[in-house]
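Take a look at the letters that make up each chain.
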Amino acid sequence: MGSSEQRVFTWDEVQKHCSRTDRWLVIRRKVYDISEFSKRHPGGARLIGHYAGQDATDPFTAFHVDKTLVNKYLKSLLIGELAPDQPSSESWKNVQVTEDFRDLRAAVEKTDLLQPNKLFFAGHLAHILLLELAAWLFLWYFGASLFPFLISLVLLSTVQAQGGWLQHDFGHLSVFSKSKWNHLVHKFIIGHLKGAPASWWNHLHFQHHAKPNCYRKDPDINMHPMFFVLGKKLPVEVGKQKMKYMPYQYQHKYFFLIGPPALLPLYFQWYIFYFAVSRMQWMDLAWMVSFYIRISLTYIPLLGVRGFLTMFFLVRFVESNWFVWVTQMNHIPMAIDHDQKEEWLTMQLHATCNVHQSFFNDWFTGHLNFQIEHHLFPTMPRHNYHKVAPLVRSLCAKHGLDYQSKTLFTAFADIVHSLKDSGELWLDAYLHK
């Protein structure tokens, strides 16, 4: 469609196109019809659909490394642009917040903050492989008695946790300039070293980044309301509707039973196979099978079948605790609500918080202690988060946005405190409203 034939639209017109079968969105004032394309979108129909009827300029910029390639797809989807009298984003959004963040993004792109140090990531991969080798050597040399078994258990759990953080880097296209190399190494780490499908991680994780803590859009809070009620507003809604799937007033206690210990060994461990098969992700399934073949051939000769299965599920148990506490400490205590369609900066600050920097915190969390910076700049290599943090903090101060940073143990405790508060809000609404 030539530019002379392009139509102009108002925001009222754009916002009407937000159903599953009729989807428009705006990028840099251009209006695109993604109704059919969303089904072919590499990130999934749900991800791009979360911005139907909205301005998607900032998530588009944040997620895509190769803008030239992506713009080729956009050309065929272009149907017009916003009318000259229309603002560049929705009328309720703070224009100055949006412009200032985009200025910060432009300034970051002119520096080396988006450039990876490949030796950093090579070192992390090497330390994971060395830990896995050490785990096997302990059992091979000292035998399968209790002490070497426990040492190997700790080492293998560390391998799985650290492998989780490293696959996260490649999944976010943070290491190589070419997406295909990031995807290949991502499949190797999450598939061959961890036994999970890359497509499953992509499907869930990018939705989380696009709309963090937004009910029905962020898969990371799908446990609401089946197992937990979350935030301050949603528990009241559930209580008023007299819904009670669980005794939520005790959720800060049963979280220790069905939260950190159970997520990986009792749910993810089985669901990932269903996901790969049901979506016919055969390459991902092959990578997964290679993990189970490798680990079985490595440890069954040393431990026997029963000992191997015991080791395997204990590793998943330890990894699950590590994973859940680290990934939830930045989000569960923060605002959780329906999509408020806020500015990119505001939305991420409302949904995320940081944990203070230290060598241990950086390593233990895979630099997810800088969750704010990671959410604002998801393709930024993690070793640069601390460099951009002062700029983000300054921007937040300018606009009165709460930039939260805590100690590691405070962040852990806040998960429990927030669950307790949410349970009490539910109980009050359930009994009295």
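An account of the accompanying structure is given in this report.

Thresholds, definitions, all that
- Residues numbered from 1 in each chain as written.
- Predicted model: local features only at pLDDT ≥ 70, side-chain atom pairs only at ≥ 80, totals over all residues.
- Heavy atoms only, no water.
- Helix = DSSP H or I, 4+ residues; strand = E, 2+ residues; numbered from the N terminus.
- Rg over C-alpha atoms; globule rule 2.2 N^0.38 Å.
- Buried < 20%, exposed > 50% of the residue type's maximum accessible area, 1.4 Å probe, protein only.
- Contact = heavy atoms within 4.5 Å.
- Areas by Shrake-Rupley, 256 points an atom, 1.4 Å probe, with all protein chains shown as cover.
- Lys, Arg positive; Asp, Glu negative; His and termini not counted.
- Charge placed at Lys NZ, Arg CZ, Asp CG, Glu CD.
- Axes fitted to C-alpha atoms, helices over the stretch in contact; angles between N-to-C directions.
- Parallel < 35°, antiparallel > 145°, perpendicular 65-115°, else oblique.
- Nonpolar A, V, L, I, M, F, W, Y, C, P; charged D, E, K, R; others polar.
- Salt bridge = Lys/Arg side-chain N within 4 Å of Asp/Glu carboxyl O.
- Core = buried A, V, L, I, M, F, W, Y, C linked by side-chain atoms within 4.5 Å.
- Polar contact = N/O pair within 3.5 Å; in protein donor to acceptor, adjacent residues only side chain to side chain.
- Pairing = 2+ DSSP bridges.
- Expected span 1.5 Å × (residues − 1).

Right, let's talk about the overall build of the protein for a bit. Tallying secondary structure elements over the protein gives 18 helices and six strands in all. By the compact-globule yardstick of 22 Å for 433 residues, the protein fits well, its C-alpha radius of gyration being 23 Å. Dimensions along the principal axes, computed over C-alpha positions, put the protein at roughly 75 × 55 × 45 Å. Burial analysis of the protein (433 residues in total) assigns 54% to the buried set. In the protein, 73% of the contacts between residues at least 6 apart in sequence involve partners at least 24 apart. About 20400 Å² of surface is accessible on the protein, with carbon and sulfur atoms providing 63% of the total. Charge centroids of the protein, computed over 43 positive and 35 negative side chains, lie 6 Å from each other.

A few words now on the packing of helix H13 (residues 282-328) against helix H18 (residues 408-432). At a minimum axis distance of 9 Å, the contact between H13 and H18 shows a crossing angle of 85°. One finds that H13 runs roughly perpendicular with respect to H18. Of the residues in H18, those touching H13 at Trp325, Val326 and Gln328 are Phe412, Ile415 and Val416. In terms of residue class, the contact of H13 with H18 is built from five nonpolar, one polar and no charged.

The full count for this structure, using the stated rule, is 18 salt bridges. For the salt bridge of Asp284 with Lys187, the shortest nitrogen-to-oxygen distance reads 2.9 Å. A residue pair is termed long-range when its members are at least 10 positions apart, and Asp284 in helix H13 and Lys187 in helix H8 (residues 179-193) qualify at 97 residues. A residue is classified by how much of its surface remains accessible, and Lys187, at 23% relative accessible area, is partly exposed. Residue Lys406 is joined to Asp414 by a salt bridge in which the shortest nitrogen-to-oxygen separation is 2.8 Å. In the salt-bridge network here, residues are joined through shared partners; they are Asp55, Asp58 and Arg102.

This next bit is on the nonpolar core. Judged by nonpolar contacts, the single largest core of 68 residues is most densely connected at Leu345, Leu376, Phe377 and Val392. With 11 residues, H13 is the largest single contributor of residues to this core. If we skip the residues at most four places from it in the chain, Val392 touches Leu104, Ile372, Glu373, Leu376, Phe377 and Tyr403. Counting residues in each nonpolar core, the second largest holds 29 residues, with Ala161, Val238, Tyr254 and Ala411 among its members.

Moving on: the packing of helix H9 (residues 198-210) against helix H12 (residues 263-278). Interhelical geometry of H9 versus H12 gives an angle of 100° and a closest axis separation of 9 Å. Judged by the angle between their axes, H9 and H12 are roughly perpendicular. Within the contact between the two elements, H9 uses Ser199, Trp200 and His203 and H12 uses Phe268, Tyr271, Ile272 and Phe275.

This next bit is on the side chain of Gln162. As for its position among the elements, Gln162 is in helix H7 (residues 146-171). Residue class for Gln162 comes out buried when judged on its relative accessible area of 1%. Looking at Gln162, its side chain comes within polar contact range of the main-chain oxygen of Trp363, at 2.9 Å. In contact with Gln162, other than residues within four places in its own chain, are His124, His127, Ile128, Trp322, Trp363 and Phe364.

Below, the discussion takes up the sheet that holds strand S3 (residues 30-33). Whether parallel or antiparallel, the strands of a sheet pair through hydrogen bonds between backbone atoms. Strand order in this open sheet of four strands is S1-S4-S3-S2, and the pairing throughout is mixed. Each edge of the open sheet carries a strand with a single partner, namely strand S1 (7-9) and strand S2 (24-27). When strand polarity is set aside, the average angle formed by the axes of neighbouring strands in this sheet is 40°. As paired strands, S2 and S3 are joined by four bridges and run antiparallel to one another. Looking at S3, one finds that Val26 is bridged to Val31.

Turning our eyes to something else, we now look at the side chain of Glu373. Counting through the fold element by element, Glu373 comes out in helix H16 (residues 371-376). Once residues within four sequence positions are removed from consideration, Glu373 is found in contact with Asn354, Tyr385, Val388, Ala389, Val392 and Tyr403.

Regular strands place their side chains on alternate faces of the sheet. Among the five residues in strand S4 (residues 78-82), four count as buried, and that is most of the element. Here S1 pairs with S4 via three bridges, running parallel. Counted as the bridge partner of Val8 is Glu81 from S4. Examined bridge by bridge, S3 and S4 share three bridges and lie antiparallel to one another. When the bridges of S4 are listed, Tyr32 appears paired with Leu78.

Let's shift gears to unusual backbone geometry. Of the consecutive residues His224 and Pro225, the connecting peptide bond is found in the cis state with omega at 0°. The backbone of Asn213 shows a phi angle near 65°, a positive value even though the residue is not glycine. Within the element layout of this structure, Asn213 appears in the loop between H9 and helix H10 (234-240). In the Ramachandran plot, His367 falls in the positive-phi region, its phi being about 65° despite a non-glycine side chain. Relative to the elements of secondary structure, His367 occurs in the loop between helix H15 (359-365) and H16.

Let us look at H9. The terminal C-alpha atoms of H9, which comprises 13 residues, lie 18 Å apart, in line with the 18 Å expected from a rise of 1.5 Å per residue. With 11 of 13 residues buried, H9 lies mostly within the body of the structure. Turning to H9, its buried residues are Ala198, Ser199, Trp200, Trp201, His203, His205, Phe206, Gln207, His208, His209 and Ala210.

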